[in-house]
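Report on the structure
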Amino acid sequence: MSEIDLESARKVAHLARIAVPEENLPALAQELSQILTFMEALNSVDVDGVEPMTSVTPMRLKRRHDQVTDGDVQAKILSNAPDAREGFFAVPKVVE
Amino acid sequence: MSDLNKLTIAKARDLLRAGEVTSVELTEACLAAINEGRALNAFVHDTPELALDRAGAADARIQSGDAPAMCGIPIGIKDLFCTEGVASQAASRILEGFKPEYESQVSAQLRDAGAVMLGKLNMDEFAMGSSNETSVYGNVVNPWKVDDRQLTPGGSSGGSAAAVAADLCLAATGTDTGGSIRQPAAFTGTVGIKPTYGRCSRWGIVAFASSLDQAGPMTKTVRDAAIMLEAMCGHDPKDSTSADLPVPDFESMLTGDIRGQKIGIPREYRMDGMPDEIDALWAKGAEMLRDAGAEIVDISLPHTQYALPAYYVIAPAEASSNLARYDGVRYGHRAKLEAGDGITQMYEKTRAEGFGAEVQRRVMIGTYVLSAGFYDAYYNRARKVRTLIKRDFEEAFARGIDCILTPATPSAAFGLGEMAEADPVQMYLNDVFTVTVNLAGLPGIALPAGLDAKGLPLGLQLIGRPWEEGALLRTAHVLEDASGFVSKPEKWW
């Protein structure tokens, strides 16, 4: 069985930018371990020479001219922001 | 005319065109049913004024002689679809208060065809779940009830399925990433089709796993599925994976003639521990298709058992990437910060408060399988297995198989809360028969085919060749006719 230790659980929570209280880490580590164990069934498949799937339907992505086709919708873009000021999204100070 | 909310799309369309009923009357009947049906918790954002406006406009349009099939038909829209000016929060706290400035392409097409949106429908948070128990709005309750227990309508399109089964609307939109249309359809005795990947535009639908997500209709009959699917399909330049193919007239393909069609029965779908009733229903379905002139062929899809583990690598990987956008900056919830908190604390607290437990779990699993050192072992291996799963189907189709018949779910609807103590993997097993179809990008339809011993609906699934929804619907229509399923839940709400 795959083991995710507390340190790995803490790390993955941080990478995912989700605050997980220290006391919840053991349960999280156990759940993640269970799910990873379930995924280990994949190790018994012979995938030698198999290409990883990139597109489920064989299609060529369409191309378009690289031009501006939309814009002037600043108010709409900001209308749902939790904190918008002077035409910008506002966030806590990033640079000291 | 009474019980207008119980009509099918096809019947309502004919009555509307004949001038025997108005869209306003249909809409009022549904709005009343929605009000009576609060105990089901299916509709979570009602739009009665908008609905009556649109119904009035639809009536005027029909009178002027311009009546597309969906014109005047009252429907529900899953909360995953962005609807202009109407709350759209994917049943998540993190999108609390979000009112999109735009309309999803699929709901825009329905709106432009004259369909009347009654409101938004409950679902599992971000479409992650198989029981509709992960929603910020609370559980949806299945209108089917055979004892004291409240049952799940399935998920993630549980609100859509419950609303259609309980006649709160004539039909609803759903989305399906691993079975989220077909499993709830099976649990509620309704019809749900997931079209070929690329048939419906994903633009404006809150993304879960972009290489798997597809929208589709949830309806009372196969004919209704054909009518509504046609209105939802079509090329959209705003979605680069949308297929630039003509959309057939699906309804006209319901000829009832499936003579000579080859129906595959995949032996790998006969699972250990599957209830006898489901096995028997499956055999009965095959027999009905044989009686209709189809040829039944045993086939093998050897990589079936790896579909769920591959899905639970790929879908969370894509979700962890898609859900990175919920950062408390551009829309939705932002956590209250303490003095000295910086932007990282803002992200971490916002996402901890905004995402429920299952969404957090999947985002973290996805983050893990994409992280340095594990990418090849998990993510790339899963994508290779996905290639093999798709190849299984291609080989079956190359041998002349037209459709594949399987059970839709490994059980009938279970009780709400019954899976609370189980580990997450137990819940994932609900999707065992449906998830292969998403991995291979194929069209699949679930339809009711019988009742179990307790009186709960059981569904069968038909899987079609890519882009051949018409042939798939034709076979499903024959099966629907032959099984003669007409049961409805007894009204207790």
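Residues numbered from 1 in each chain as written. Chains lettered and ligands numbered in written order. Predicted model: local features only at pLDDT ≥ 70, side-chain atom pairs only at ≥ 80, totals over all residues. Heavy atoms only, no water.

1. Some details on the pairing of strand 4 (residues 171–176) of chain B
Residues and elements named next belong to chain B. In terms of burial, strand 4 is a largely internal element, 6 of the 6 residues being buried. Of the two faces of strand 4, the one holding Ala-171, Thr-173 and Thr-175 and the one holding Ala-172, Gly-174 and Asp-176 are both buried throughout. With 2 bridges connecting them, strand 2 (residues 74–78) and strand 4 associate as parallel partners. Note on strand 4: the bridge partner recorded for Gly-76 is Ala-172. (Buried < 20%, exposed > 50% of the residue type's maximum accessible area, 1.4 Å probe, protein only. Helix = DSSP H or I, 4+ residues; strand = E, 2+ residues; numbered from the N terminus. Pairing = 2+ DSSP bridges.)

2. Let's talk about the packing of aromatic side chains
All names here are of chain B. Counted by the stated rule, this structure contains 16 aromatic pairs over all chains. Between Phe-126 and Phe-355, the ring centres sit 5.9 Å apart and the planes meet at 75°, which makes this aromatic pair edge-to-face. Of this pair, Phe-126 sits in the loop between strand 3 (116–121) and helix 5 (158–165) while Phe-355 sits in the loop between helix 10 (343–354) and helix 11 (357–370); the two residues are 229 residues apart in sequence, bridging distant segments of the chain. Relative accessible area serves as the criterion here: at 0%, Phe-126 is assigned to the buried category. Since its relative accessible area comes to 3%, Phe-355 is described here as buried. Relative to Tyr-331, the ring of Tyr-326 lies with its centre 6.0 Å away and its plane at 55°, an arrangement referred to as tilted. Members of the aromatic cluster, joined through ring pairs, are Phe-98, Phe-126, Tyr-326, Tyr-331 and Phe-355. Here Lys-145 stacks its cationic end above the ring of Trp-492, 5.8 Å away from the centre of that ring. We note Lys-238 situated over the ring of Trp-203; from NZ or CZ to the ring centre the distance is 4.7 Å. (Phe/Tyr/Trp six-rings, centres within 6.5 Å; stacked < 30°, edge-to-face > 60°. Lys NZ or Arg CZ within 6 Å of the ring centre and 35° of its normal.)

3. Side note on the environment of Asn-41 of chain B
All names here are of chain B. Residue placement: Asn-41 occurs in the loop between helix 2 (23–36) and strand 1 (43–46). Separated by 2.9 Å, the side chain of Asn-41 and the backbone oxygen of Tyr-137 make a polar contact. Looking at Asn-41, its side chain comes within polar contact range of the main-chain oxygen of Asn-139, at 3.0 Å. (Polar contact = N/O pair within 3.5 Å; in protein donor to acceptor, adjacent residues only side chain to side chain.)

4. Structural notes on the sheet that holds strand 11 (residues 457–464) of chain B
All names here are of chain B. Spatially, the 11 strands line up as an open sheet ordered 1-3-2-4-6-5-10-11-9-7-8, and their pairing is mixed. The open sheet has two free edges, formed respectively by strand 1 and strand 8 (295–299), since each of these has just one partner strand. Sheet twist, expressed as the mean angle between neighbouring strand axes with direction ignored, is 30°. For strand 5 (residues 191–194) and strand 6 (residues 214–219), the ladder comprises 2 bridges, and the chain directions are antiparallel. Paired with Gly-192 across the bridge in strand 6 is Met-218. Sheet strands touched by helix 8 (residues 276–291): strand 7 (262–266), strand 8, strand 9 (403–407), strand 10 (444–451) and strand 11. Its angle to strand 11, the strand with the most contacts, is close to 50°. Of the strands in this sheet, strand 5, strand 7, strand 9, strand 10 and strand 11 touch helix 15 (residues 469–483), which is tilted by about 5° from strand 10. (Axes fitted to C-alpha atoms, helices over the stretch in contact; angles between N-to-C directions. Contact = heavy atoms within 4.5 Å.)

5. Examining the state of the cysteines
For the structure on display, the rule yields 0 disulfides over all chains. This cysteine, Cys-30 of chain B, is not joined by any disulfide, and Cys-169 of chain B carries the nearest cysteine sulfur, 6.6 Å off. (Disulfide = S-S within 2.5 Å.)

Bear in mind that shape data such as this cannot, by itself, settle questions of function.
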